[in-house]
Amino acid sequence: MVLINDQGLRMDGRRPDQLRNIKIEAGVLKQADGSCYLEWGGNKVMAAVYGPRECHPRHDQDPTKARVRVRYNMAAFSVSDRKRPGPDRRSQEISKISSEALEHVVLTSLYPKNAIDVFIEIIEAEAGTRCAGLTAAAVACADAGIPMRGMVTAVAAGKVDGKVCLDLSREEDNYGETDFPIAIVPKTGEIVLLQQDGHFSPDELDQALEMATDAAMRVYEMQKAALLARYQAQAQAEDEPAEAEAAPAGDHDHDHEDPEVA
Ligand code: ADP
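Let us look at the structure shown here.

What counts and what doesn't
Counting from 1, residues in each chain are numbered in the order their sequence is written. Predicted model: local features are reported for residues with pLDDT of at least 70 only, side-chain atom pairs are reported and counted for 80 or more only, and whole-chain, interface and lining totals are derived from all residues. Starting at the N terminus, helices and strands are each numbered in turn, a helix being any DSSP run of H or I of at least four residues and a strand any DSSP run of E of at least two. Burial is judged by counting other C-beta atoms within 10 Å of a residue's own C-beta: 20 or more means buried, 12 or fewer means exposed, and anything between counts as partly exposed, with every C-beta placed from the backbone. Here, residue contact means that the backbone-derived C-beta atoms of the two residues sit within 7 Å. What a helix is expected to span follows from its residue count: subtract one and scale by 1.5 Å. Pairing between two strands requires that DSSP report at least two bridges joining them. For helices, the fitted line uses only the C-alpha atoms of the stretch in contact; every axis is such a line through C-alpha atoms, and the angle between N-to-C directions lies from 0 to 180 degrees. For each residue, a C-beta position is placed from the backbone atoms; the residue is near a molecule or strand when that point lies within 6 Å of it.

**Overview of the overall build of the protein chain**
Phase 1: Tallying secondary structure elements over the protein chain gives four helices and nine strands in all.
Phase 2: Along the chain direction, N to C, the helices and strands of the protein chain fall in the order β-β-β-β-α-β-α-β-β-α-β-β-α.
Phase 3: Oriented by its inertia axes, the alpha-carbon framework of the protein chain measures out at about 80 × 50 × 40 Å.
Phase 4: Taking all 262 residues of the protein chain together, 39% fall into the buried category.

**Looking at the environment of Asp-17**
Phase 1: As for its placement among the helices and strands, Asp-17 is situated in the segment before strand S1 (22-26).
Phase 2: As a C-alpha pair, Asp-17 and Cys-165 span 148 residues in sequence and 5.8 Å in three-dimensional space.
Phase 3: Once you skip the residues sitting within four places of it in the chain, Asp-17 turns out to touch Leu-166 and Met-211.

**Points about helix H2 (residues 129-143)**
Phase 1: Between its terminal C-alpha atoms H2 stretches 21 Å, which fits the 21 Å expected from 15 residues at 1.5 Å a residue.
Phase 2: In terms of burial, H2 is largely enclosed, as 15 of its 15 residues are buried.
Phase 3: Positive phi appears at Gly-145, one or two residues downstream of H2, with a value of about 75°.

**A word on the sheet that holds strand S7 (residues 163-166)**
Phase 1: Pairing within the open sheet is antiparallel, and its four strands lie in the order S7-S6-S8-S9. Unpaired on one side and paired on the other, S7 and strand S9 (190-194) mark the two borders of the sheet. Direction aside, neighbouring strands of the sheet carry axes that sit 30° apart on average.
Phase 2: As paired strands, strand S8 (residues 178-185) and S9 are joined by four bridges and run antiparallel to one another. Considered in S9, the bridge of Ala-183 is made with Leu-193.
Phase 3: Packing of H2 onto the sheet brings it into contact with strand S6 (153-160) and S8, and relative to S6 it is tilted by some 165°.

**What to know about the site of the ligand**
Phase 1: With respect to spatial proximity, 13 residues lie near the ligand, and among them Val-79, Ala-125, Ala-127, Thr-129 and Arg-130 are the closest.
Phase 2: Contributions of two or more residues to the shell around the ligand are made by H2 and helix H3 (170-175).

**So, unusual backbone geometry**
Phase 1: Backbone torsion omega between Gly-51 and Pro-52 reads 5°, so that peptide bond is classified as cis.
Phase 2: Relative to the elements of secondary structure, Pro-52 occurs in strand S3 (residues 43-54).
Phase 3: With an omega of 0°, the peptide bond running from His-56 to Pro-57 counts as cis.
Phase 4: Looking at the secondary structure, you find Pro-57 in the loop between S3 and strand S4 (67-74).
Phase 5: Its identity is not glycine, yet Lys-113 carries a phi of approximately 65°, on the positive side.
Phase 6: Within the element layout of this structure, Lys-113 appears in the loop between helix H1 (89-103) and strand S5 (114-124).

**A short note on the pairing of S8**
Phase 1: Taking burial as the measure, the eight residues of S8 include eight buried ones, the bulk of the element.
Phase 2: What you see with S8 is no split at all: Thr-178, Phe-180, Ile-182 and Ile-184 on one side and Asp-179, Pro-181, Ala-183 and Val-185 on the other are buried throughout.
Phase 3: Between S8 and S9, which follow one another and run antiparallel, lie four residues, and Gly-189 among them has a positive phi close to 80°.

**Some words on the environment of Phe-180**
Phase 1: Within the element layout of this structure, Phe-180 appears in strand S8.
Phase 2: For Phe-180 and Asn-43, which are 137 residues apart along the polypeptide, the C-alpha to C-alpha distance reads 18 Å.
Phase 3: Not counting the four nearest positions on each side in its chain, Phe-180 is found in contact with Ala-156, Ala-157, Gly-158, Gln-196, Ala-208 and Ala-212.

In structure tokens, the structure reads:
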């Protein structure tokens, strides 16, 4: 299978250093303390956060800090063949690495004996779901107002037809040589997740790291924009009733009257 053509373009028309299209929306669920809906190429992800709240079961409590518990789950309808519902080794692995990445930025010592529960639901999957899920989970944590040292942003690089590429598509993930998901804290440059499935030469590894960290900075701007949009919308909604109340002001003699008649 030819994954990169003579013009140096990939099967979906992208250049090697080009991300798929990304859309991020924060605060999409009413019931959760924080939430995020994210589309990344053909991936559709919902992340929801509850807490900090008392950790149950009690034997899971840490008297010195909060526990960050991530549950990554792929919906049965997220892939072309029905996925067997429930946890499997892969989802347990992704849950674990995502918990560890978030634990690194959340100020857990502020909440001893508490738990922060993060749910990542993959509604539709098209390769790169661990990066999409972790990126959404970090936005949901920020939306829940959880104190963090910084955001977490995840992007994968890889090797396809001998060339280092960014953000592999499903065909590239299946037939390419290497998949290299990483997550960074954009504010500090710390790496909080790094996995590699396949081989790189030392030069290719440097190139992949640079490509993925550059792209992570672009995704970080989208995460911030999503949070900003969410709080601007909330501030506007809070201002509107106040403005409506303020409108008849100055007419105190009549404030018992029907405003439509007055
Ligand atoms: P990531 O989604 O982070 O790239 P993997 O490399 O393990 O993680 O998976 C690559 C892709 O393979 C997934 O995004 C998904 O599209 C597909 N996939 C994973 N698990 C299954 C499954 N049980 N059934 C069908 N497709 C799957």
